[in-house]
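These are the residues of each chain, in order.
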Amino acid sequence: MEIIIADKAGYCFGIENAMKMVSDTIASGQQNIYSLGPISHNAQETRRLTDQGVKIIVDEDLKNIESGCIILRSHGVGKKTIEAINHKGLRVINATCPFVRAVQKKVEKYDAAGYQVVIVGDKDHPEVIGAKGWCQNKALIINDINQLENIESYDRICIVAQTTIIESRFNEICDAIRSRVNEVVIFNTICRATAERQAAAAKTAKAVEYMIVIGGYHSSNTQKLADICKVDCEKTCHIETIRDLDFTEVKKYQKIGITAGASTPDWIVKEVLEGMEEQNKIAEENVVVEVATEEQPTVVVEEVVETIEKDEYDDANFDFAAEIEESLKTIRRGAEIEGEVIHIAEDEVILNIGYKADGIIKKNDFTWRSDEVLSELVQLGDKVWCIVTDLNEGSGNVKLSKIKYDNRLVQKQLSDAFNNKTILEGTIKDISGNGLIVDIGFTDIYMPASQYHVRYVKDLNTLIGEKVKGIIIDYNPKRRRAILSQKIILEKDMKERREQVKEMKDKRFEELNVDDVVKGVVKTITNFGIFVDLDGIDGFVHRSDLTWEKINEPKDIVEKGQEIEAKVIAKNEEDKKIKLSVKALMDRPWDDFVAKYNVDDEVEVTITNILDFGAFAEVIPGVEGLIHVSEISYNRVESVASVLNTGDVLTVKIIGINPEKEKISLSKKATEEAPARPAPTARSSNSSSNASSGDRDRTSNYGGGDRNRRPQQSHNSNNNRNKTVYEETANVTLGDAFADMFSGLTFEDSEDDK
């Protein structure tokens with residue numbers, strides 16, 4: 001097997017520089033180190049930094065941070081984010097890639113110059129989101145030529161590129177915009193290292209039978225590398241670590257190519273290379289090892305135990321060395337074997353495996369974490385299961401790997417859980433991209449955010465530490481990848497509960513009949529009524545059916561959790577709804593009123609409502625009558641509110657009862673004594689024919705001939721004209737209105753008639 005490593009594989013300058021800045025910050029002893037987003041799109045490296053004390057945060061977390069330093073990741077952030085950090089007085093370590101910073105400066109400059117900024121890239125990529133923040137988030141994000149519908153509406157456009165975009169796609173979009181817009185400024189801001197890495201990967205893919213692309217599943221540049229390699233090599237696989245590599249598939253090919261994304265650390269690439277070389281060595285020695293995660297491990301330890309009668313041997317022919325050799329285990333590469341710890345060093349553990357040589361487990365074969373101490377992980381005398389990787393590691397001992405055994409065991413457990421739909425329980429320990437890392441005890445497993453709950457969760461960081469349970473909905477043994485879903489369990493539980501509730505509701509609905517009297521507990525109170533739990537089905541009581549009395553809101557007379565008694569007054573067969581009435585079980589106040597009171601009775605009432613035309617007053621609880629404005633006082637009432645107030649208690653007379661409409665007319669003034677009418681005012685006549693020049697003769701013909709008659713006025717008639725002696729405002733007749741007008745007239749013969 002020939003292995004070819006593509007040029008430019010692994011860390012780019014920007015990521016390498018950012019990682020160095022983080023390492024230097026940690027080494028400086030700085031407390032409270034925060035990274036605004038993952039430093040790079042590599043889950044393993046992010047986890048390593050987290051273990052060293054670096055806390056990954058999002059923009060929303062900044063308001064809660066009062067001290068420490070903020071590391072700006074290589075993808076960069078928006079201008080307002082930096083201003084917010086500076087405003088809080090926090091230390092800033094700007095690890096933004098220089099190429100990304102150049103993009104941000106161009107975006108800021110040309111936005112200020114009045115150009116419409118276009119960023120060719122993925123709208124969800126943090127680099128693009130950060131760059132957009134340097135032009136007030138007004139940039140157009142284009143990732144496909146089909147997104148240029150309204151591009152002609154802009155006169156001047158400045159185009160930049162996401163530094164990891166495929167160059168051919170960028171050129172295609174630029175050509176399309178250039179042909180449709182008057183003025184276009186184009187900056188090819190694709191990182192040269194990215195372009196060179198992509199070209200080298202394509203060249204390698206053309207020369208091999210099988211291509212391996214190493215990098216985070218959520219890394220944009222790694223995904224693009226995989227896409228480019230697939231064009232020239234159909235057998236291309238994308239892996240994060242050696243765990244994801246299917247050696248059964250790899251060993252089918254003789255020429256293997258390897259490349260790695262810009263965010264992939266060297267130690268992961270080295271790990272894959274060592275694994276490939278080991279497999280190559282196994283193939284050269286013609287040792288066939290088949291590992292199937294869905295089957296029980298093959299018998300890996302063979303013991304030769306024979307029960308032999310002592311007298312069958314001739315002591316002279318007994319070969320002691322040969323017998324010892326026969327009694328030892330027979331092992332082979334790839335076998336699972338258990339050994340006892342007999343020595344622990346700083347970088348290795350030695351086991352007694354019952355073989356003619358001891359077994360050695362190097363630290364990098366015992367644990368994934370380089371910062372762990374072997375003496376804290378294992379003790380002398382402990383039993384350890386591992387896998388034989390080499391029968392002679394160079395010094396005559398057997399090379400073993402605990403990591404490979406653990407991984408094989410994990411894959412077996414995952415496979416069984418997937419096939420049996422086993423419910424797994426775990427704790428959310430970290431965030432990875434748009435998903436969660438869940439510790440299920442024997443391994444970590446990925447749960448997409450969409451599979452956490454039936455409802456959308458805005459901030460995934462709030463879920464860290466939460467307990468979850470789920471089943472594996474997708475398992476790929478070749479890539480050793482599994483996806484856990486809690487949502488599917490929640491949906492199943494909700495469906496079962498809905499069915500149970502529906503069944504209970506239907507049953508309870510059939511049990512209830514109109515006119516039944518039932519008891520229930522107030523479940524919900526609204527402005528328009530209350531909902532009552534009737535042991536499996538809800539009944540509704542409208543506010544008008546709660547009581548005969550007038551109420552402002554239902555909550556004034558009932559409380560949530562209160563037990564009430566009501567009568568079923570209606571059933572809706574189609575919607576399975578029950579309508580209830582509480583007041584139907586109460587005596588009708590109107591019947592009580594009719595039995596006790598009659599017209600002309602005087603009663604004590606309480607004013608409940610003031611209106612322009614009168615006031616409503618409660619006669620007895622649940623029965624109200626109207627005091628019309630004309631029945632309030634003998635004096636003119638300009639405003640009801642000026643003489644009566646809500647809550648006033650007064651005595652009135654019942655002046656009318658309408659049994660059909662159940663209405664009552666009340667009068668306050670009827671309980672008062674009407675004021676006396678004033679006597680008519682006499683007017684004297686003037687005998688002189690030379691009356692005031694303002695008087696006019698009035699001539700009337702009364703059968704006997706013409707007679708001149710004059711109205712007699714008193715000497716103070718001018719004063720009386722503007723003086724109000726009595727004013728009637730209610731039930732006034734024409735006689736009442738005009739009586740005084742004629743009282744001053746006299747019909748005696750004047751001096752002229754004599």
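If you're wondering where the values come from, they're calculated on a predicted model, not measured in any experiment. (Residues numbered from 1 in each chain as written. Predicted model: local features only at pLDDT ≥ 70, side-chain atom pairs only at ≥ 80, totals over all residues. Heavy atoms only, no water.)

Student: What's the story with the overall build of the protein in this structure? I'm lost.
Tutor: The number of helices and strands found in the protein is 19 helices and 34 strands. Across the 754 residues that make up the protein, the buried fraction comes to 39%. Taking the intrachain contacts of the protein between residues at least 6 apart in sequence as the baseline, contacts between residues at least 24 apart amount to 65%. As displayed, the protein offers around 42800 Å² of accessible surface, 46% of which is attributable to carbon and sulfur atoms. (Helix = DSSP H or I, 4+ residues; strand = E, 2+ residues; numbered from the N terminus. Buried < 20%, exposed > 50% of the residue type's maximum accessible area, 1.4 Å probe, protein only. Contact = heavy atoms within 4.5 Å. Areas by Shrake-Rupley, 256 points an atom, 1.4 Å probe, with all protein chains shown as cover.)

Student: Please explain empty space enclosed by the protein as it appears in this structure.
Tutor: Once rolled over the atoms, a probe with the size of a water molecule shows which space is left empty. Taken as a whole and assessed by the stated rule, the structure comprises one cavity of 30 Å³ or more. When its residues are assigned to classes, the lining of the largest cavity shows six nonpolar, 12 polar and one charged. (1 Å grid on protein atoms, 1.4 Å probe; cavity = no way out; pocket = protein on both sides within 12 Å on 5 of 7 lines; lining within 4 Å. Points joined across faces, edges and corners; volume = space filled by probe spheres on them. Nonpolar A, V, L, I, M, F, W, Y, C, P; charged D, E, K, R; others polar.)

Student: Just to check I follow, could you spell out the pattern of salt bridges for this structure?
Tutor: Any two side chains of opposite charge can pair if their charged atoms end up close together. Evaluated as defined, the whole model comprises 28 salt bridges. When the shortest N-O distance is used, the salt bridge between Lys123 and Asp124 registers 3.5 Å. Owing to a relative accessible area of 55%, Asp124 belongs among the exposed residues under this scheme. Asp592 is the partner of Lys596 in a salt bridge, and the nearest nitrogen-oxygen pair spans 3.5 Å. Of this pair, Lys596 and Asp592 both sit in helix H16 (residues 589-596), four residues apart, which is roughly one turn of the helix. On the accessibility criterion, Lys596 (54% relative accessible area) is exposed. Residue classification places Asp592 among the partly exposed positions, given a relative accessible area of 34%. Residues joined by salt bridges that share partners form a network here, namely Asp51, Arg369 and Asp371. (Salt bridge = Lys/Arg side-chain N within 4 Å of Asp/Glu carboxyl O.)

Student: What's the story with the sheet that holds strand S9 (residues 183-186) in this structure? I'm lost.
Tutor: Within a beta sheet, neighbouring strands are joined by backbone hydrogen bonds and run either parallel or antiparallel to one another. If you walk across this open sheet you meet the four strands as S7-S6-S8-S9, and the pairing is parallel. Two strands in the sheet have a free side with no partner beyond their single neighbour: strand S7 (140-142) and S9. When the angles between neighbouring strand axes are averaged without regard to direction, this sheet yields 25 degrees. In terms of strand pairing, strand S8 (residues 156-161) meets S9 through four bridges, oriented parallel. What sits directly across from Ile157, in S9, is Val184. Helix H4 (residues 98-112) rests against strand S6 (116-120), S8 and S9 of the sheet, and its axis sits at about 175 degrees to S8. Here helix H6 (residues 167-178) sits on the sheet in contact with S6, S7, S8 and S9, set at roughly 175 degrees to S8. (Pairing = 2+ DSSP bridges. Axes fitted to C-alpha atoms, helices over the stretch in contact; angles between N-to-C directions.)

Student: Quick question: what am I supposed to make of the nonpolar core here?
Tutor: Where a protein is soluble and globular, its nonpolar side chains tend to be buried together. Ranked by size, the top nonpolar core spans 27 residues in total, and within it Leu36, Ile70 and Ile119 carry the most contacts. Counting residues per element, the ones that place at least two in this core are strand S2 (33-36), strand S4 (69-72), helix H3 (79-87), H4, S6, helix H5 (126-132) and S8. Looking at this core, the element that brings in the most residues is H4, giving three residues. (Core = buried A, V, L, I, M, F, W, Y, C linked by side-chain atoms within 4.5 Å.)

Student: Sorry, what's going on with the sheet that holds strand S16 (residues 383-390) here?
Tutor: With mixed pairing, the five strands of this closed barrel are ordered in space as S13-S14-S15-S17-S16. Across the sheet, the mean angle separating the axes of adjacent strands is 55 degrees when strand polarity is ignored. One ladder, built from three bridges, connects S16 with strand S17 (residues 398-401); its direction is antiparallel. If you follow Ile387 over to S17, its bridge partner there is Ser401. Contacts between helix H14 (residues 402-420) and the sheet are confined to strand S13 (336-344), strand S15 (359-362), S16 and S17, with S16 contributing the most and set at about 105 degrees to the helix.

Student: How should I be thinking about unusual backbone geometry in this particular structure?
Tutor: Both trends apply: most residues other than glycine have a negative phi, and most peptide bonds are in trans. Although it is not a glycine, Lys421 adopts a positive phi angle of roughly 55 degrees. Phi angles above zero are rare outside glycine, and Asp535 is one such case at about 60 degrees. Position of Asp535 among the secondary structure elements: in the loop between strand S24 (529-533) and strand S25 (538-542).

Student: Explanation requested: the pairing of strand S5 (residues 91-94) in the structure shown.
Tutor: It is a general feature of regular strands that their side chains alternate between the two faces of the sheet. Sheet topology places S4 next to S5; four bridges connect them, and they run parallel. Looking at S5, one finds that Leu72 is bridged to Asn94. For the segment spanning S4, H3 and S5, crossover handedness is right-handed. (Right-handed = clockwise from strand over helix to strand, strands pointing away.)

Student: Would you take a moment to explain the state of the cysteines for this structure?
Tutor: Disulfide: a covalent bond formed between the sulfur atoms of two cysteine residues. Enumeration over the complete set of coordinates arrives at zero disulfides. Here Cys229 stays free of any disulfide, with the sulfur of Cys233 as its closest cysteine sulfur at 7.7 Å. Take Cys229: its relative accessible area is 0%, and that puts it in the buried class. In this structure Cys237 is not part of a disulfide, and its nearest cysteine sulfur, from Cys233, lies 9.4 Å away. (Disulfide = S-S within 2.5 Å.)

Student: It is not clear to me how the packing of aromatic side chains should be interpreted in this structure. Could you clarify?
Tutor: What the rule picks out here adds up to nine aromatic pairs. Ring geometry for Phe531 against Phe540: centres 5.0 Å apart, planes inclined by 45 degrees, an arrangement best described as tilted. A relative accessible area of 27% means that Phe531 is categorised as partly exposed. For Phe540, a relative accessible area of 18% corresponds to the buried category. The interplanar angle of 35 degrees and the centroid separation of 5.5 Å between the aromatic rings of Trp590 and Phe593 together place this pair among those described as tilted. On the criterion of helical spacing, the pair formed by Trp590 and Phe593 is a turn pair, its members being three residues apart in helix H16. The side chain of Lys106 reaches across the aromatic face of Phe187, ending 5.2 Å from its centre. Taking NZ or CZ as reference, Arg481 lies 5.4 Å from the ring centre of Tyr217, over its face. (Phe/Tyr/Trp six-rings, centres within 6.5 Å; stacked < 30°, edge-to-face > 60°. Lys NZ or Arg CZ within 6 Å of the ring centre and 35° of its normal.)

Student: Sorry, what's going on with H3 here?
Tutor: Side chains that are three or four residues apart share a direction in an α-helix, a result of its 3.6 residues per turn. Thr81, Ile82 and Ile85 are the residues of H3 that are buried. The buried residues of H3 occupy an angular sector of 100 degrees when projected down its axis, which confines them to one face. H3 presents Lys80 and His87 as exposed residues on the side facing more than 90 degrees away from its buried surface. Two residues or fewer after H3 comes Gly89, characterised by a positive phi angle close to 75 degrees. (Arc of directions from axis to C-beta.)

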